[in-house]
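# Commentary on secondary and tertiary structure
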Amino acid sequence: MRVAIAVFDGAEELDFAGPWEVLAAWRFLSLDDLELVMVGEDSTPVTCAKGMRVVPETSWNELGDVDVLVYPGGRGTRPQLGDEKNRARLRATCGRQW
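Residues numbered from 1 in each chain as written. Predicted model: local features only at pLDDT ≥ 70, side-chain atom pairs only at ≥ 80, totals over all residues. Heavy atoms only, no water.

## A closer look at the environment of valine 68
As for its position among the elements, valine 68 is in strand β6 (residues 68-70). For the pair valine 68 and arginine 2, spaced 66 residues apart in the sequence, the C-alpha separation amounts to 6.6 Å. Valine 68 has contacts with Met1, Arg2, Val3 and Ala4, leaving out every residue within four places of it along the chain. (Helix = DSSP H or I, 4+ residues; strand = E, 2+ residues; numbered from the N terminus. Contact = heavy atoms within 4.5 Å.)

## With respect to the layout of surface pockets
Looking at the largest pocket, its volume works out to about 270 Å³. Surrounding the largest pocket, 19 residues form its lining, Phe8, Asp9, Glu41, Gln80 and Arg89 being those nearest its centre. The greatest single-element share of the lining of the largest pocket, amounting to three residues, is contributed by helix α3 (residues 84-94). Taken together, the residues of the lining of the largest pocket break down into eight nonpolar, five polar and six charged. (1 Å grid on protein atoms, 1.4 Å probe; cavity = no way out; pocket = protein on both sides within 12 Å on 5 of 7 lines; lining within 4 Å. Points joined across faces, edges and corners; volume = space filled by probe spheres on them. Nonpolar A, V, L, I, M, F, W, Y, C, P; charged D, E, K, R; others polar.)

What follows is the structure in structure tokens.
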């Protein structure tokens, strides 16, 4: 299973760090095959809602197929509302045309 966790400026830290922690523990404690990847626009550090800075390990263009996408909330989602580029990217990531 391949899980991508999105990060972007203004993302709520708990919304991605919590799932990362749980999934990383599952990866090490389980026999299930799990790949966990953090994705962003590029490898430039992003500053999250409370000031945490993180560095995505891959970009959306390089991501490829995923089984699960964790997309955090937070004030950083506000500028994304109505952004057709972001909406198209999310549609393509999940393989649906909605």
